[in-house]
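Listed here are the chains, written in short residue letters.
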Amino acid sequence: MEAGFFYGDMVRLHVLAHSDVEADQRLKMQVVQAVRRRAVRVVRGAADAGQAYERLYRAQGALRRCAAWAARRRGFFGPVAVEMGVFPFPRREYGGQIAPEGLYRAVRVKLGAAAGRNWWCVLYPQLCAVEESCAQALASPEAIHFYSSIGRFVRQLLQGVGLC
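Everything numeric here is computed off the predicted structure, so don't read it as measured data. (Residues numbered from 1 in each chain as written. Predicted model: local features only at pLDDT ≥ 70, side-chain atom pairs only at ≥ 80, totals over all residues. Heavy atoms only, no water.)

## Considering the overall build of the protein chain
Within the protein chain one finds five helices and six strands. Along the protein chain, from the amino end to the carboxyl end, the secondary structure elements read β-α-α-α-β-β-β-β-β-α-α. Considering only intrachain contacts with a sequence separation of at least 6, the fraction spanning at least 24 residues in the protein chain is 72%. Surface summary for the protein chain: the accessible area is close to 9,200 Å², and the carbon and sulfur share equals 55%. (Helix = DSSP H or I, 4+ residues; strand = E, 2+ residues; numbered from the N terminus. Contact = heavy atoms within 4.5 Å. Areas by Shrake-Rupley, 256 points an atom, 1.4 Å probe, with all protein chains shown as cover.)

## Some points on the environment of Glu-54
Residue placement: Glu-54 occurs in helix H2 (residues 49–58). Each C-alpha atom, one on Glu-54 and one on Val-43, is 9.1 Å from the other, the two residues being eleven residues apart in sequence.

## Let's talk about the sheet that holds strand E2 (residues 80–89)
One open sheet holds the four strands; their spatial order is E2-E5-E1-E6, and the pairing between them is mixed. Where the open sheet ends on each side, the last strands, each with one partner, are E2 and strand E6 (118–124). Taking the axes of each pair of neighbouring strands and ignoring which way they run, one obtains an average angle of 25° across the sheet. Its contacts with the sheet put helix H1 (residues 22–43) on strand E1 (6–16), strand E5 (102–111) and E6, and the angle it makes with E6 is roughly 10°. Running over the sheet, helix H3 (residues 60–73) touches E2 and E5 and is turned about 115° from E2. (Pairing = 2+ DSSP bridges. Axes fitted to C-alpha atoms, helices over the stretch in contact; angles between N-to-C directions.)

## Digging into the confidence of the model for the protein chain
Within the protein chain, residue pLDDT values average 81, and 74% of them lie at 70 or more. Mean pLDDT values over the elements of the protein chain span from 40, in helix H4 (residues 132–139), up to 97, in H3. (pLDDT = per-residue confidence, 0-100.)

## A look at the pattern of salt bridges
Proximity of charged atoms lets side chains of opposite charge pair with each other. All chains considered together, the criterion is met by three salt bridges. In this structure, Arg-117 engages Asp-20 in a salt bridge whose closest nitrogen and oxygen atoms are separated by 3.7 Å. In this pair, Arg-117 is assigned in the loop between E5 and E6 and Asp-20 in the loop between E1 and H1, connecting sequence segments 97 residues apart. Among the residues examined, Asp-20 registers a relative accessible area of 42% and is labelled partly exposed. Glu-83 is the salt-bridge partner of Lys-110, the closest N and O atoms lying 3.3 Å from each other. Of the two residues, Lys-110 is situated in strand E5 and Glu-83 in strand E2; the sequence distance between them amounts to 27 residues. Accessibility expressed as a relative area gives 28% for Lys-110, which makes it partly exposed. On the basis of relative accessible area, Glu-83 is assigned to the partly exposed category, the value being 27%. (Salt bridge = Lys/Arg side-chain N within 4 Å of Asp/Glu carboxyl O. Buried < 20%, exposed > 50% of the residue type's maximum accessible area, 1.4 Å probe, protein only.)

Printed below as a string of structure tokens:
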């Protein structure tokens, strides 16, 4: 397929880190998790990619607040932007599903200079997943899982005010 072909049946999430410094890359993943959780709730039950994109477009401000909140929690106080549009993406495989190279509607989150390595997934239909090595580690019987009732309470409280 040629790179100019528009794939209108998918909506992607794209997060660009401030830089390639390890701390910025860790920050990016915290923002990914927060925005992905919020975006998946937004598109849940959408009839098609057009409706999913429309819902995300209307929720753009909430997604930006969510990304900024996650960044601030990690000590990043630079600019955080959320853009909606049609952007080029390379070919990517998600657990046996292939998203060919081409143009896709997407939510793009830019952290600071947005000059670092990026992360992307398909929000609709939902193919977002953690990296393969992380998924294997979490599936392991020896995996360690941390739980904080205070953290859960704060997340629920903040969800009520539209941050994440």
